[in-house]
Amino acid sequence: MANTFEENLAKLEQLTSDIKRSDISLEDALKDFEEGIKLASGMEKQLDEIEGKIQILMNEPNPMTKENPPQFDLFSDDGEVNGTRK
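Just so you know, these numbers come straight off a predicted model, no measurement behind them.

A separate point is the pattern of salt bridges. Side chains carrying opposite charge are able to pair once their charged atoms draw close together. In the structure shown here, the tally under the stated rule is three salt bridges. As a salt-bridge pair, Lys-11 and Glu-35 come within 3.8 Å of each other at their nearest N and O atoms. Remark: Glu-35 occurs in helix H2 (residues 26-58) and Lys-11 occurs in helix H1 (residues 5-19); sequence separation between them is 24 residues. Among the residues examined, Lys-11 registers a relative accessible area of 36% and is labelled partly exposed. When the shortest N-O distance is used, the salt bridge between Asp-18 and Arg-21 registers 3.9 Å. The class of Arg-21 is partly exposed, set by a relative accessible area of 39%.

Moving on to the confidence of the model for the chain. In low-pLDDT segments, the atomic positions of the prediction should not be examined closely. Confidence along the chain averages 82 in pLDDT terms, with 70% of residues attaining 70 or more. The lowest-confidence element of the chain is strand E2 (residues 84-85), averaging 50 in pLDDT; the highest-confidence one is H1, averaging 94.

The next thing to look at is the nonpolar core. Across soluble globular proteins, nonpolar side chains show a tendency to be buried alongside one another. Counting five residues, the largest nonpolar core consists of Phe-5, Leu-12, Leu-15, Leu-39 and Met-43. Broken down by secondary-structure element, the contributors of at least two residues to this core are H1 and H2. In terms of residue count, H1 provides more of this core than any other element does, three residues in total.

Looking at the element boundaries, Asp-18 is found in helix H1. The exposure class of Asp-18 is buried, given its relative accessible area of 18%. Contact partners of Asp-18, with chain neighbours within four places excluded, come to Ile-24 and Asp-32.

Reading the values: rules and limits
- Residues numbered from 1 in each chain as written.
- Predicted model: local features only at pLDDT ≥ 70, side-chain atom pairs only at ≥ 80, totals over all residues.
- Heavy atoms only, no water.
- Salt bridge = Lys/Arg side-chain N within 4 Å of Asp/Glu carboxyl O.
- Helix = DSSP H or I, 4+ residues; strand = E, 2+ residues; numbered from the N terminus.
- Buried < 20%, exposed > 50% of the residue type's maximum accessible area, 1.4 Å probe, protein only.
- pLDDT = per-residue confidence, 0-100.
- Core = buried A, V, L, I, M, F, W, Y, C linked by side-chain atoms within 4.5 Å.
- Contact = heavy atoms within 4.5 Å.

If you want it as structure tokens, here you go:
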């Protein structure tokens, strides 16, 4: 199962902290930087998908009522966001 957005954010923060260490080798810093760029790119895609879902909900022709409750299926149990794998 793919990591949640929050897990990815924590990992990105850890990578950022590691890169700032004075005792890190250039090779390790580069490896952490590459991993961080990949994580940030994936997280940006997740945010874009969530924003798209919010826009759809906000622009629904039928206002949200008891009979038409909002759909909160942004994240399915199988690790997908809006039908796409994280």
